[in-house]
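Residues per chain are reported as follows:
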Amino acid sequence: MTEGRLAKHSARVIARPIAALLCSLLIACVPLYAQPAELSPGDWLEVKTTQVPSLSGRYQVSEAGSIDFPIVGPVDVTDAALDVLQQQLQDALAAKGYQRPIDIALRPAPALTLAVATSTPAHPLQPGDVLVIEVAGEPAISGQYTVKPSGTIILPMVGEIPVTDLTVEELTGVLTQRLKQFVVQPVVSVNLLSAIPRFVNIVGHVSRPGLYPIEQTPTALALLAAAGGVLPNGDLAAAMLFRKGTPQKLAPQGLLAGDILPGDVSLQRGDTLVVPETPPEVVLVVGAAQTPGAIPLEMASNLMRAVLLAGGPTEGADPAQAYILRGTERIDVDLRDVMGDNPSGQASSAQITLQPDDVIVIPPSAGRDPIYVIGAVITPGPYPSEEAKTVLDLWSLAGPALPDADLHHCTILRGHETISVDIEALVNQGDMSQNIALQPGDKLIVSEILERVYILGQVARPGPYPIKEGDTLMDILGKARGPTVMADTGKMVLMRRKSAQVEHEGRPERTRPTQEQPAAPANKELGPEEQISLRILAAAEWQDVAMRPRPGDVIYIPARKERITTNDVLRILLNTLPYLLFR
């Protein structure tokens with residue numbers, strides 16, 4: 001035998017007893033649950049079966065040496081090997097009517113005194129979620145539970161437990177504490193079997209408004225991206241996030257042009273992101289122009305551009321007498337230099353920089369001076385002075401007003417003089433003292449109401465609405481076409497920026513109190529955030545100052561948690577039927 005072969009033979013001779021020793025050690029180290037084992041009082045047994053999920057769990061051997069197994073009843077396990085016990089349980093279940101083969105896996109389990117943690121996502125629970133709750137050794141409690149519309153579940157012995165807005169881990173802890181008065185050292189396992197989809201909502205000026213799953217859009221930036229981004233007319237700097245009726249600005253410090261949000265915001269189920277419209281900046285050209293009307297300020301950066309975009313003055317215009325109205329200020333301009341003719345030799349007015357809401361007035365030549373109506377009316381423009389001798393005559397030609405017109409505070413411009421006129425009192429209350437005689441060249445300005453209330457949530461037409469004199473919160477709700485069928489009208493929320501004064505100074509009451517309609521006593525003011533109901537609004541007197549809208553008020557109507565009932569469906573059908581039959 002060569003020296004190499006002798007070395008290999010010697011190695012095999014030495015390796016054989018070492019391998020035998022390792023095998024014996026490996027067999028000795030095999031876990032107990034892999035070999036037939038015997039149970040004693042106090043031991044824990046883990047049972048798993050997919051055919052009957054409610055049987056799966058942990059069971060403790062009693063002092064009598066048995067476990068209380070569901071369906072089967074008490075089973076003696078003292079000194080029983082696991083394979084024997086497994087066959088015994090299978091036979092007992094077969095005797096109860098279960099079809100073989102019955103899959104049951106048994107193994108000893110360590111005694112636990114703490115609740116079993118779950119890997120379920122930490123989303124707050126909501127009505128409709130289905131839970132699997134297992135309490136070791138308590139089959140009467142273990143099973144499936146569906147969260148009721150009231151946001152609760154009912155467990156034997158324990159009773160009704162509110163679970164809405166609790167995570168699975170938090171509910172596990174609550175159940176463990178509640179069960180301690182009935183079970184010694186309860187071992188609780190809670191898992192989310194199926195969940196009602198969690199949504200967040202985005203409305204306003206984005207490409208694809210609507211509902212989005214919160215799992216896919218967990219943050220504000222993710223939601224904006226899923227919605228296709230903000231439209232060119234959307235105002236991201238003014239975007240608001242509504243959470244349980246409470247608004248907050250996404251960009252509290254504001255944004256510069258081209259900026260994005262300074263920091264992302266995590267969303268919660270039910271959040272609504274509102275992206276409002278950027279108020280358009282325009283200038284208005286009225287009078288003797290070829291194409292009078294509104295022109296975007298970005299296109300009409302100066303006077304010359306605005307006049308040219310309006311087609312220039314007509315043949316009957318008097319460009320030398322043109323002027324710009326900027327609020328109540330009048331700026332006289334000479335448009336002849338805009339047309340290439342500047343006989344005065346003075347500095348050209350064509351390069352005057354315009355500001356948002358400027359009104360460029362081009363009057364007609366002498367003898368044709370009409371009367372102008374400017375602002376929030378259906379048909380603004382010039383009207384023959386011989387047909388509009390009074391305010392009432394002019395209103396019959398230019399009216400009615402637009403919904404956001406402030407008819408209480410109209411203005412007549414006569415040269416450099418300003419005259420206030422209350423068209424609301426004239427037209428709707430017959431106050432003829434407001435029927436002022438007009439002169440050629442007068443300009444009646446009907447401004448828009450800048451004070452607005454925001455109605456959001458479950459209404460037919462959410463959005464901003466102007467406040468008119470004498471309006472109540474019920475009136476504003478009516479402008480939004482009222483609550484939807486899913487609205488929880490008992491949990492409306494009115495949010496007010498700060499405590500408002502009882503009444504705006506200098507504003508007249510809507511009507512004078514009479515014997516049939518006595519003046520109401522002063523009412524308690526609503527706080528910064530007050531919960532009200534539709535019943536309260538409907539029963540309130542119109543004099544109740546607490547029920548009058550204030551600038552910046554936000555009325556939020558949440559959706560009710562209950563599902564749509566048969567009565568709701570019938571009501572929808574009855575409301576829709578006339579439109580289907582007579583459209």
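Located above this text is the structure these notes cover.
Residues numbered from 1 in each chain as written. Predicted model: local features only at pLDDT ≥ 70, side-chain atom pairs only at ≥ 80, totals over all residues. Heavy atoms only, no water.

Student: Outline the nonpolar core, listing residues and values.
Tutor: Considering soluble globular proteins, one finds that nonpolar side chains tend to be buried as a cluster. Residues Val391, Leu394, Ile412, Val421, Ile423, Leu444 and Val446 are the most contacted members of the largest nonpolar core, which totals 22 residues. Counting only elements with at least two residues in this core, the list comes to strand E21 (371-375), helix H6 (391-398), strand E23 (410-414), strand E24 (417-421), helix H7 (423-429) and strand E25 (443-446). Counting residues per element, this core draws most heavily on H6, which supplies 4 residues. Setting aside its immediate chain neighbours within four residues, Leu444 contacts Tyr372, Val373, Ile374, Leu394, Cys410, Thr411, Ile412, Val421 and Ile423. Ranked by size, the runner-up nonpolar core spans 20 residues in total, among them Val307, Ala322, Ile331 and Ile360. (Core = buried A, V, L, I, M, F, W, Y, C linked by side-chain atoms within 4.5 Å. Buried < 20%, exposed > 50% of the residue type's maximum accessible area, 1.4 Å probe, protein only. Helix = DSSP H or I, 4+ residues; strand = E, 2+ residues; numbered from the N terminus. Contact = heavy atoms within 4.5 Å.)

Student: A description of empty space enclosed by the protein should follow, citing residues and the corresponding values.
Tutor: One pass over the full model with this rule turns up 3 cavities of 30 Å³ or more. If you add up the space inside the second largest cavity, you get close to 60 Å³. Along the walls of the second largest cavity sit 12 residues, with Ser56, Tyr59, Val135, Gly137 and Ser142 positioned nearest its centre. Every element with two or more residues in the lining of the second largest cavity is listed here: strand E2 (57-60) and strand E6 (130-135). In terms of residue count, the dominant contributor to the lining of the second largest cavity is E2 (3 residues). In the lining of the second largest cavity, the residues fall into 4 nonpolar, 5 polar and 3 charged. (1 Å grid on protein atoms, 1.4 Å probe; cavity = no way out; pocket = protein on both sides within 12 Å on 5 of 7 lines; lining within 4 Å. Points joined across faces, edges and corners; volume = space filled by probe spheres on them. Nonpolar A, V, L, I, M, F, W, Y, C, P; charged D, E, K, R; others polar.)

Student: Go over the sheet that holds strand E10 (residues 188-194) with me, naming the residues and quoting the values.
Tutor: Two orientations exist for strands paired in a sheet by backbone hydrogen bonds: parallel and antiparallel. Within the open sheet, the 3 strands sit side by side as E7-E6-E10. Their pairing is antiparallel. Here the strands that pair on one side only, and so sit at the sheet edges, are strand E7 (143-146) and E10. The mean angle between the axes of side-by-side strands here comes to 30°, regardless of whether they run parallel or antiparallel. As paired strands, E6 and E10 are joined by 6 bridges and run antiparallel to one another. (Pairing = 2+ DSSP bridges. Axes fitted to C-alpha atoms, helices over the stretch in contact; angles between N-to-C directions.)

Student: I'd like a rundown of the sheet that holds strand E16 (residues 282-287), residues and numbers included.
Tutor: Spatially, the 5 strands line up as an open sheet ordered E17-E16-E20-E18-E19, and their pairing is mixed. Edge positions in the sheet fall to strand E17 (293-296) and strand E19 (329-332), since each of these pairs with one other strand and no more. Put simply, the sheet's adjacent strands are angled 25° from each other on average, direction ignored.

Student: How would you explain the pairing of strand E30 (residues 554-557) if you had to name every residue and give the values?
Tutor: The alternating pattern of E30 places Val554 and Tyr556 on one face and Ile555 and Ile557 on the opposite face, and all of these are buried. Pairing of strand E28 (residues 492-495) with E30 involves 3 bridges; the strand directions are antiparallel. When the sheet's bridge partners are listed, Val493 is paired in E30 with Tyr556.

Student: Could you give an account of the packing of aromatic side chains, naming the residues involved and the relevant values?
Tutor: Tallying each qualifying case throughout the model produces 1 aromatic pair. Against the face of Tyr323 rests Arg330, its NZ or CZ located 3.7 Å from the ring centre. (Phe/Tyr/Trp six-rings, centres within 6.5 Å; stacked < 30°, edge-to-face > 60°. Lys NZ or Arg CZ within 6 Å of the ring centre and 35° of its normal.)

Student: I'd love a proper account of a negative patch on the surface, names of residues and values included.
Tutor: Together, Glu281, Glu298, Asp357 and Glu448 make up a region of like negative charge exposed at the surface. Tracing the chain through its elements places Asp357 in the loop between E19 and strand E20 (359-362). (Patch = residues over 30% accessible without salt bridge, like charges linked within 9 Å, V, L, I, M, F, W, Y side chains within 5 Å. Areas by Shrake-Rupley, 256 points an atom, 1.4 Å probe, with all protein chains shown as cover. Salt bridge = Lys/Arg side-chain N within 4 Å of Asp/Glu carboxyl O. Lys, Arg positive; Asp, Glu negative; His and termini not counted. Charge placed at Lys NZ, Arg CZ, Asp CG, Glu CD.)

Student: So, the environment of Ala239: which residues are in play, and what are the values?
Tutor: Position of Ala239 among the secondary structure elements: in the loop between helix H4 (220-226) and strand E13 (240-243). A relative accessible area of 0% places Ala239 in the buried class. Note: C-alpha distance between Ala239 and Val275 (36 residues apart in sequence) is 4.6 Å. Excluding its chain neighbours within four sequence positions, the residues that come into contact with Ala239 are Gln248, Lys249, Leu250, Val274, Val275 and Pro276.

Student: Just give me the short version of unusual backbone geometry, but keep the residues and values in it.
Tutor: Of note, the phi angle at Gln185 is positive, near 45°, even though the residue is not glycine. Residue placement: Gln185 occurs in the loop between helix H3 (168-179) and E10. Not every positive phi belongs to a glycine, and Arg481 is a case in point at roughly 65°. Mapped onto the elements of the fold, Arg481 is located in the loop between helix H8 (473-479) and E28.

Student: Please set out H6 residue by residue, giving values where relevant.
Tutor: Those residues of H6 that fall on the buried side of the exposure criterion are Val391, Leu394, Trp395 and Ala398. Along the axis of H6, the buried positions cluster into a sector of 100°, meaning they face one direction only. Packing partners of the buried residues in H6 comprise E21, strand E22 (381-383), E23, E24, H7 and E25. (Arc of directions from axis to C-beta.)

Student: Quick one: what's the story with the pairing of strand E12 (residues 210-213), residue by residue and with numbers?
Tutor: Two strands pair when backbone bridges link them, and strand E11 (residues 199-204) and E12 are joined in this way by 4 bridges, in the antiparallel orientation. What sits directly across from Asn201, in E12, is Leu211. Between E11 and the antiparallel strand that follows it, E12, lie 5 residues.

Student: So what's going on with the environment of Val265? Which residues, and what values?
Tutor: Its location among the elements puts Val265 in the loop between strand E14 (246-249) and strand E15 (272-275). For Val265, a relative accessible area of 18% puts it in the buried group. Between the C-alpha atoms of Val265 and Pro218, which are 47 residues apart in sequence, the distance is 8.6 Å. Apart from residues lying up to four places away in sequence, Val265 is in contact with Pro218, Thr219, Ala220, Leu241, Gln248 and Leu250.

Student: Can you explain helix H2 (residues 82-95)? Please cite residues and give values.
Tutor: With 14 residues, H2 should reach 20 Å at 1.5 Å per residue; the first-to-last C-alpha distance of 20 Å fits that figure. For H2, every residue scored as buried is listed here: Leu82, Leu85, Leu89, Gln90 and Leu93. Within H2, the buried residues cover an arc of 135° as seen down the axis, which keeps them to one side. In the core, the buried residues of H2 are packed alongside strand E1 (44-48), strand E3 (66-69), strand E4 (73-76) and strand E5 (105-109). (Expected span 1.5 Å × (residues − 1).)

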